[in-house]
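Spelled out from the first residue to the last, the chains are:
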Amino acid sequence: MKKAFSLFALFVLVVFVPGCKGGNEAVGQEPLTKISGPPAYGDALIDGSIGEPTILIPMLSGDAASQDVAGLIFNGLVKYDTDLGIIGDLAESWDISKDGLVITFHLKKGVRWTDGVEFTADDVIFGFNTIINKKTPTAYSEDFLQVKKAEVLDKYTFRVTYGKPFAPALASWGNLVVLPKHLLEGKDLTKSEFGRDPVGMGPYKLTNWVPGQELILDSNHDYFEGRPYIDRFVYRVIPDRATMFLELQTGGVDMMDLTPIQYTKQTGSEYFRNNFQKFRYPQFVYTYMGFNLKHPFFKDRRVRQAIAYAIDKSEIIDVVLFGLGSPATGPYVPNTWPYNPDVKKYPYNPEKARQLLKEAGWEDTDGDGILDKDGRPFRFTILTNMGNTLRMNTATIIQWKLAKIGIKVDIKVLEWSTFVNEFIDKRRFEAVILGWQISPDPDQFDIWDSKKTKEKEFNFVSYSNPEVDALLEKGRRTYNIEERKKAYFRIQEILAEDLPYIFLYVPDATPIVHARFKGIKPSPIGITYNLPKWYVPRQLQRHHLEP
Amino acid sequence: MLAYLFKRLLEIIPTLFGITLISFFIIHLAPGKPTDIFTELNPKITPEARERLEKLYHLDKPVIVQYGLWLKKIARFDFGESFSSDHRPVIEKIWDSRKPLIERRLFVTFMINLLSMGVILLVALPLGIFSATHQNSLWDKIATTTVFIGFAMPTFWLALLLMILFGVELHWLPISQLKSMGYASLPFWGKVWDLAKHLLLPIFVSAFTGLAADSRFMRSSMLEVVRQDFVTVARAKGLPERLVIYRHAFRNALLPIITLAGLSVGGLVGGSVIFENIFGIPGMGQLFYMSVMTRDYPTVMGILTIGAFLTLFGNLLADLGYMLADPRIRAK
Amino acid sequence: MGRQNLRNLFWKRFKRNGLAVAGGVIVLALFFVAVFAPLLSPYNPDAIDRHNVLMPPSLHHPLGTDDLGRDVMSRMIWGARISLAVGFVAIGIATAIGMLLGALAGYYGGWTDRVIMRFIDIMLSIPTFFLILAVIAFVGSSIWNIMIVIGLTAWMGVARLVRAEFLSLKEREFVLAARAIGASDVRIIFRHVMINSMAPVLVSAVLGVAGAVLVESALSFLGIGVQPPTPSWGNILSLGKDYIELAWWLSVFPGLAILVTVLGYNLLGEGIRDSIDPRLWETERK
């Protein structure tokens, strides 16, 4: 009888106490978010990721997962500050010559690789020579090929000379180029074990890598900015998003990126409010619909503008992103210095769209509901890549909206490399929905310059405007922020008028972190920039590691 | 008998050759190059950089030359180097001999498939016999419907439902992966227990969805055997029905099942892509999916070849089992 | 026994098998829905409604709405067409290839047989789903590619079946007689022997369709099945997976639809097999 009762009690508990999830909620009744304490060493942070890193050498890695983890192991000479200014990392300071052609870096002293050897300027020039070496399969050599001369002045001084002023120069000296010379000299980087078992000088060092499952990183007690509080960082690979979200709820994951719907609808319960902290900030990414400007339909600017009027960006943001994003008006993201808020906008206006199309000669003469001109119906295909639900849904909404003004749209979803090789590179497309990942430096020469339209180059929509060409050149050849700003503001005005792309939206990043982690300070560059300063107050620590 | 075995082994060689040929050409007919993933959405990559990547990987050579180079290596069990940016030897990705057994992908997939095959046989055989001896009864119908529901259920859906029930709601079982955080510090039996808890759902899902073929086959095989002369003779001799069924009928009905089990290895190995992805299990299927999506040809080829090799091996084992079980062949 | 008699016997046996009849009804119902999709579907399956996103089942939307506010019931009804088409075209291709190769191997024997059997062995040893996955990912996942690739990897069973039938039939009287009066090989293969091996092929095809529906849903789970906005049960279910805790209707209905149809095909296939297999009749008579 007693046993039966306790079984029943257990059942009641399980069924009716949905809040009873996760690990250490036993600490009083108080929500974890309210409990604070002094910084303490210890505990582990489990970060959930869809993808697995491939190689932990920044200059060789092309994927986000590798960069996430390598970013904890390697530092650069400089880094972006929370306000997107550039500050020293391994460099104590630097001087730039008056003509902007020579940069001299003064390195911090006493920084050690995790194997105990001191970091010096030799490591920087070694990394530099590696990245410009034709044998190194890196995708990032472009910025470094602009360097005319690189030299080591002494153990802690490194100097580079450029042929022409190059505005993105300083920012390029991030963590791509620093490699331990004493471990890698004379070795083939691609063949060495280093990429799976790296030695860095960053806040964490790799302890174990279980392929397909997790990477375990332990804190570097000699880190030059001080020992990180959290002792262990686990990068857990969970290929399925739904599975990962279940793991978050049961304590198997402490931190992950939420999808828009998870952010808005699935993490609002009391359980989540008490046990997790959510963040939201714009990403350096924008999604757009690009037109093939060589296609007869889209040669006419009025047609492009009409389509812009027929698309309701706020609807796309509401439905696809659940409101977690902002409308894009140009190729920069809001709240950054190159962003120009005062450009021509296209509020939703189907009437105006119809009128513009009529001016351009498109009318429904045969009454089939589809506009036509010279006997040709207005029907085109939007291409997008597979596996990206947001883009897919965006295309679906645009299809629906354009049908309402008499344009028939087909959607074709293609696997990425087919898409690029067979359609983008060969210019076999009418319109595409894609996104660009942008760097905080506003130089976008490769995307908009009229000379960059050859096969495999990035101006694949074949945009050509001499004024934009001149402004792009101007913007990358001066260090004066005000002058650059003027150039990029003007470029945005022209693009908004010309509409080679319809700039759709800038999605927000929406990470979630377990509430026992304190010291997180959101900023325009995200939350993980100060990971070594995060901590878990002693009484909230969940994982206790053996020494 | 040895001669027969030898003949079977010889037959494997052209089969393996055919497998490599087919998959190699299919993969290379496809457009797209592995270097594309590497260059995804990064405006800072110049076309020269791309060409350089292609040269480095011999992608500029004719397909037939690439195949020749590849085959030459394969003879030495060298599947070449992965195209992903880690550039590791493919064989090391599949079977990393420096890691503990449980962290080697081939072993993980092999172990799970072996276990679920064991579970399938343990359940399917009695169920098939029961269905056959109670042909067309209500229980037969229930058994039939149950195994077919298992077959008809989309694997990933079933897996997710079970994860929610046992992981999130009841807290009885872990949700994904093979081991817990503190696995390394557990004593031996603790490790076994931890693994068992993690493996329970994947193996259940894999076994439940794969039950139908074997149990149905057992049923019809049994039905066929039951009406053969020797069973009738056994009955006529007055042996108890139980003995007739299990001693005489069962052993004979088992023969075709052995062959079927051998053939089903391919299906099981293929199915591991799905449950390894949903459960986040670091096995060969997961690696295969990742490699396919990143056009890592050497790894794709390596896994296809090893997968086919495993299947062939399974068939061979089945043949061997058949020989041992069938007195007629054994006598030869 | 005349052909008419056989047919009667088949029906008599089939009708007595409750599960088989249930399977048949399910498959017929599916056909009905697929054929009359435009009439049955209450909404345009592509109609987006920003004010009705992820609504639970209600009178207006009996099966709820999806993440773009589209009516799930309408999408399921149109999806029935896609799922049916994938199954039938794929298995049509597989059956055609299987019958042709099986017939060639069984009828001619010798080297033809040896080469074809070796080919079958090769195809059987490559883990099928690996092969499908690789090819679809590489050539692109249009609905036609999916049908063709499933078809190209599912013919081996049929080929073996047909070959076995041929081996057992080709020495029978009616074939020998046809040959004696000078009928051509093609005529003998198609007019005489093939007709006689149709029954097991039919069973294997019905079971194959069930398999193809499942393969499409597995491909959708991996993101390379039939691509939205074209609705297929696989991609609706795969979408529903991501909302499983929030919008149960998005996974339960397509999941059940797949489950019930695949079950239906299986019961039907097994039922037909039981009803045409003379070996099973005798056990019952006893």
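Residues numbered from 1 in each chain as written. Chains lettered and ligands numbered in written order. Predicted model: local features only at pLDDT ≥ 70, side-chain atom pairs only at ≥ 80, totals over all residues.

**Details of the interface of chain C and chain A**
Part 1: With 19 residues of chain C at the contact, the number on the chain A side is 20 residues.
Part 2: Here the residues of the side of chain C that touches chain A sort into 10 nonpolar, 4 polar and 5 charged. (Contact = placed C-beta atoms within 7 Å. Nonpolar A, V, L, I, M, F, W, Y, C, P; charged D, E, K, R; others polar.)

**Examining unusual backbone geometry**
Part 1: Geometrically, the link from Pro228(C) to Pro229(C) is a cis peptide bond, its omega value of 10 degrees lying close to zero.
Part 2: Looking at the secondary structure, you find Pro229(C) in the loop between α11 (198-221) and α12 (233-242).
Part 3: Positioned with a positive phi, Phe322(A) is a non-glycine residue whose angle comes to about 50 degrees.
Part 4: Tracing the backbone through its elements, the reader meets Phe322(A) in the loop between α9 (313-320) and β15 (325-327).
Part 5: Not every positive phi belongs to a glycine, and Leu499(A) is a case in point at roughly 50 degrees.
Part 6: Structurally, the position occupied by Leu499(A) is in the loop between α15 (481-498) and β21 (501-509). (Helix = DSSP H or I, 4+ residues; strand = E, 2+ residues; numbered from the N terminus.)

**Things to note about the nonpolar core**
Soluble globular proteins tend to bury their nonpolar side chains together.
Part 1: Within the largest apolar cluster, 314 residues are counted, with the highest numbers of intra-cluster contacts made by Ile502(A), Ala159(B) and Leu133(C).
Part 2: Counting residues per element, this core draws most heavily on helix α4 (residues 72-108) of chain C, at 18 residues. (Core = buried A, V, L, I, M, F, W, Y, C linked by C-beta atoms within 7 Å. Buried ≥ 20, exposed ≤ 12 C-beta atoms within 10 Å, placed from the backbone.)

**Section: the pairing of strand β1 (residues 44-49) of chain A**
Residue and element names in this part refer to chain A.
Part 1: Among the 6 residues that make up β1, 6 are buried, leaving the element largely enclosed by the rest of the structure.
Part 2: Bridge count for β1 against strand β10 (residues 232-237) is 6 bridges, and the pairing is parallel. Within β10, the position partnered with Asp 47 by the bridge is Tyr 235. (Pairing = 2+ DSSP bridges.)

**Some thoughts on the confidence of the model for chain C**
All names here are of chain C.
Part 1: With 95% of its residues at a pLDDT of 70 or more, chain C has an overall mean of 86.
Part 2: Residue range residues 282-286 is modelled with pLDDT below 50. Its contacts to residues more than four positions away, or to other chains, number 5 contacts.
Part 3: In the predicted assembly, ipTM is 0.87 and pTM is 0.85. (pLDDT = per-residue confidence, 0-100.)

**Concerning the sheet that holds strand β7 (residues 157-162) of chain A**
All names here are of chain A.
Part 1: Strand order in this open sheet of 4 strands is β4-β5-β7-β6, and the pairing throughout is antiparallel. Each edge of the open sheet carries a strand with a single partner, namely β4 (91-96) and β6 (147-154). Shown here is a sheet whose adjacent strand axes are inclined to one another by a mean of 15 degrees, direction ignored.
Part 2: Pairing geometry for β6 and β7, over 6 bridges, is antiparallel. From the neighbouring strand, Asp 154 faces β7, where its bridge partner is Thr 157.
Part 3: Sheet strands in contact with helix α3 (residues 121-132) are β5 (102-107), β6 and β7, and its direction is about 160 degrees off that of β6. (Axes fitted to C-alpha atoms, helices over the stretch in contact; angles between N-to-C directions.)

**Considerations on helix α12 (residues 284-293) of chain B**
Part 1: Among the 10 residues in α12(B), 10 count as buried, and that is most of the element.
Part 2: Every buried residue belonging to α12(B) is among Met284(B), Gly285(B), Gln286(B), Leu287(B), Phe288(B), Tyr289(B), Met290(B), Ser291(B), Val292(B) and Met293(B), and all of these are buried.
Part 3: Elements that come into contact with the buried residues of α12(B) comprise α5 (90-94), α6 (105-133), α11 (241-279) and α13 (297-325) of chain B together with α6 (128-139) of chain C.
Part 4: In the segment just after α12(B), Arg295(B) is the residue with positive phi, at about 55 degrees.

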